[in-house]
Amino acid sequence: MSSEPFERHPAEEEIVLRGVGASPGIAIGKALVLKKDGIVVEEKTVGDTAAELERLQKSIERSAHEVEKIYHTALEKIGKDQAKIFEAQLLILSDPVFFDGVKRKIDKTKKNAESVVSSEFSKQVDQLRRSENEIFKQRATEIEDAKNRILRNLAEAKLKSRFEGTPIVVTSELTPADAVLLSRNSVLGYVSDFGGARSHASILSRSLGIPAVVGLKEATKHVLNGAELILDGYRGILVVNPQENTVRKFRDRKKWCEQLDTELLTEAGEPALTTDGRRVSVEANIELLEELPLLKPHGADGIGLFRTEPLIIDSDAIPDEAEQTDIFQKAVEEAKPNAVVFRTFDIGGDKLFVEDHAEQNPFLGWRGIRMMLDRPELLKDQLRAILRASTHGKCKIMYPMVATVEEVIRANEVLDEAKKSLDADGVKYDKEIEV
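For the structure given in this document, a descriptive report is provided here. (Residues numbered from 1 in each chain as written. Predicted model: local features only at pLDDT ≥ 70, side-chain atom pairs only at ≥ 80, totals over all residues. Heavy atoms only, no water.)

## Details of the overall build of the protein
So, step 1. Scanning the protein for helices and strands turns up 15 helices and 12 strands.
So, step 2. Its C-alpha radius of gyration of 25 Å places the protein within 12% of the 22 Å reference for a compact globule of 435 residues.
So, step 3. For the protein, with 435 residues in total, the buried portion stands at 49%.
So, step 4. Considering only contacts within the protein whose residues lie at least 6 apart along the sequence, 66% involve residues at least 24 apart.
So, step 5. Within the protein, the 76 negative side-chain charges are centred at a point lying 2 Å from the centre of the 63 positive side-chain charges. (Helix = DSSP H or I, 4+ residues; strand = E, 2+ residues; numbered from the N terminus. Rg over C-alpha atoms; globule rule 2.2 N^0.38 Å. Buried < 20%, exposed > 50% of the residue type's maximum accessible area, 1.4 Å probe, protein only. Contact = heavy atoms within 4.5 Å. Lys, Arg positive; Asp, Glu negative; His and termini not counted. Charge placed at Lys NZ, Arg CZ, Asp CG, Glu CD.)

## Topic: the pattern of salt bridges
So, step 1. Under the criterion given, the structure shown has 25 salt bridges.
So, step 2. In this structure, Asp232 engages Arg235 in a salt bridge whose closest nitrogen and oxygen atoms are separated by 2.9 Å.
So, step 3. Among the ionic contacts, a cluster of salt bridges with common partners joins Arg129, Glu144, Lys147 and Glu173. (Salt bridge = Lys/Arg side-chain N within 4 Å of Asp/Glu carboxyl O.)

## Quick word on the side chain of Thr171
So, step 1. With respect to the secondary-structure elements, Thr171 resides in strand E4 (residues 168-171).
So, step 2. Residue classification places Thr171 among the buried residues on the basis of a relative accessible area of 3%.
So, step 3. Separated by 3.3 Å, the side chain of Thr171 and the backbone oxygen of Leu34 make a polar contact.
So, step 4. Ignoring sequence-local partners within four residues, the contact set of Thr171 consists of Leu34, Lys36, Val191, Ser192, Asp193 and Thr220. (Polar contact = N/O pair within 3.5 Å; in protein donor to acceptor, adjacent residues only side chain to side chain.)

## A short note on the pairing of E4
So, step 1. The two faces of E4 match: Ile168 and Val170 on one face and Val169 and Thr171 on the other face are all buried.
So, step 2. As paired strands, strand E3 (residues 26-34) and E4 are joined by four bridges and run parallel to one another. Directly across from Val33, in E4, lies its bridge partner Val170.
So, step 3. Pairing geometry for E4 and strand E5 (residues 189-192), over four bridges, is parallel. Within the sheet, the bridge partner assigned to Val170 lies in E5 and is Val191.
So, step 4. Assessed by its sense of winding, the connection that carries the chain from E4 through helix H7 (residues 176-182) to E5 is right-handed. (Pairing = 2+ DSSP bridges. Right-handed = clockwise from strand over helix to strand, strands pointing away.)

## Topic: helix H3 (residues 85-93)
So, step 1. Listed in full, the buried residues belonging to H3 are Ile85, Phe86, Gln89, Leu90, Ile92 and Leu93. Looking straight down H3, one finds its buried side chains confined to an arc of 155°; they lie on one side. (Arc of directions from axis to C-beta.)

## A word on the side chain of Asp346
So, step 1. The residue Asp346 is located in the loop between strand E11 (340-343) and helix H13 (368-373) in this model.
So, step 2. Look at Asp346 and you get buried, because its relative accessible area is 10%.
So, step 3. Apart from the residues lying within four places of it in its own chain, the contact partners of Asp346 are Glu309, Arg367, Gly368, Pro400 and Met401.

## Some details on a positive patch on the surface
So, step 1. A grouping of Arg62, Lys69, Lys77, Lys158, Arg162 and Arg184 is seen on the molecular surface, where their side chains present a positively charged patch.
So, step 2. Position of Lys69 among the secondary structure elements: in helix H1 (residues 49-78). (Patch = residues over 30% accessible without salt bridge, like charges linked within 9 Å, V, L, I, M, F, W, Y side chains within 5 Å. Areas by Shrake-Rupley, 256 points an atom, 1.4 Å probe, with all protein chains shown as cover.)

## Comments concerning the sheet that holds E4
So, step 1. Judged by pairing direction, the sheet is mixed, and its eight strands sit side by side in the order E1-E8-E7-E3-E4-E5-E6-E2 without closing on themselves. A strand with exactly one partner marks an edge of an open sheet, and here the two such strands are strand E1 (15-18) and strand E2 (20-23). Averaged over all adjacent pairs, the angle separating strand axes in this sheet is 30°, with direction ignored.
So, step 2. Sitting on the sheet, helix H8 (residues 200-208) touches E2, E5 and strand E6 (212-214), and the angle it makes with E2 is about 55°.
So, step 3. Of the strands in this sheet, E3, strand E7 (228-232) and strand E8 (237-240) touch helix H10 (residues 244-267), which is tilted by about 115° from E3. (Axes fitted to C-alpha atoms, helices over the stretch in contact; angles between N-to-C directions.)

## Focus: the packing of aromatic side chains
So, step 1. One pass over the full model with this rule turns up six aromatic pairs.
So, step 2. Judged by centre distance (4.8 Å) and plane angle (70°), the ring pair of Phe98 and Phe121 falls under edge-to-face. Of this pair, Phe98 sits in helix H4 (residues 96-109) while Phe121 sits in helix H5 (residues 113-129), placing them 23 residues apart in sequence.
So, step 3. Its relative accessible area of 14% is what places Phe98 among the buried residues. (Phe/Tyr/Trp six-rings, centres within 6.5 Å; stacked < 30°, edge-to-face > 60°.)

## Here we look at a negative patch on the surface
So, step 1. Together, Asp320, Glu323, Glu377, Asp381, Glu413, Asp416 and Glu417 make up a negatively charged patch on the protein surface.
So, step 2. Elements that contribute at least two residues to the negative patch include exactly helix H14 (376-389) and helix H15 (405-425).
So, step 3. Considering every element that reaches the negative patch, the biggest residue donor is H15, with three residues.
So, step 4. Mapped onto the elements, Asp381 comes out in helix H14.

## Quick notes on the packing of H1 against H3
So, step 1. Where H1 contacts H3, the axes come no closer than 9 Å and their chain directions differ by 170°. Relative to H3, the element H1 is oriented roughly antiparallel. Together, Ile60, Ser63, Ala64, Val67, Glu68, Ile70, Tyr71 and Ala74 of H1 and Phe86, Glu87, Gln89, Leu90 and Leu93 of H3 make up the contact between the two elements.
So, step 2. Among the residues forming the contact of H1 with H3, the class breakdown is nine nonpolar, two polar and two charged. (Parallel < 35°, antiparallel > 145°, perpendicular 65-115°, else oblique. Nonpolar A, V, L, I, M, F, W, Y, C, P; charged D, E, K, R; others polar.)

In structure tokens:
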């Protein structure tokens, strides 16, 4: 925080905007508004499609190279687990099936690369954004970012990521790449019109220790470049053109919060005891591997709920037993010596893989354990993966959305089948695993 006097024009009106606190902390400073003006895409007919295909290929390669650089920056700043976010973008940029389709369309229609790339990417983005599922919307943001990166490189345009001073960055939508690249500057905080606390960009902001407020809807409309701002990442508040008394209040709150955070982190490893000496277990809820490094610094007594459905939603295919085992093993090893409670796939109500199963109230009907019991091989593979991970630390199993005792009995029968198949394969596991 600057020690310089806080200057404000008397005619400016104080405005309070409310969004979502995505990364804790309070920042007081001047706005740097980063306009993400989309590249204007004009549809043109091209005579030499071979040259157009070569131009597209070069832009894809340049885009992949950029993401590789961001990936390595993330590795240095926040470690391998968090940096994996950018592996997904690299997969998008190296998808041969998708880009072969794009190239065939350019060749067939004789249209320029920009128009075909924009059209084909936008189909996927629009479909994902229509979903009510936040993780689908997050994936749409990452695909949109890949699209814009290719379009910028086709236009040979540069995106500014280096600047002077210590601003609060204000933008329409913060991408994971933005969070990492902009952190190379002395950024005080991030503000965006769109986004949620569970987005990859928000998780990266927390890992980088940069306060952030997202989902403000109209921040870029109300904030001018250089405007004085107060960002409260605890409560999801942005104050534009704050009055002097507002600044004093938030400076005091910032100092108090920082002192409290320091004290809490210092004591995070201490046992949670009531005044009469009773021990309380405080465990974490986890749904992304990127959150695992936060366990020990915050003193979590293990993982009380590991949501597994993001493994499907964040992937183009259902991860197989080996892939799930690898992920579950990492969680178990990170939580040692404490336990991890793995919840089997809770899918169905968000229409994931169930387009042919219409219901009046899908969120209470064919979902969770009922859907998995109708897909016993999928359930068995997942239970085998959890059992295999149980040799690396303490695991427990949770079945979601149980309505009847019969469902538990049937699920445990599938669990017994999984155990017998591992016995037959000579694979060790915790035979006393708790359900």
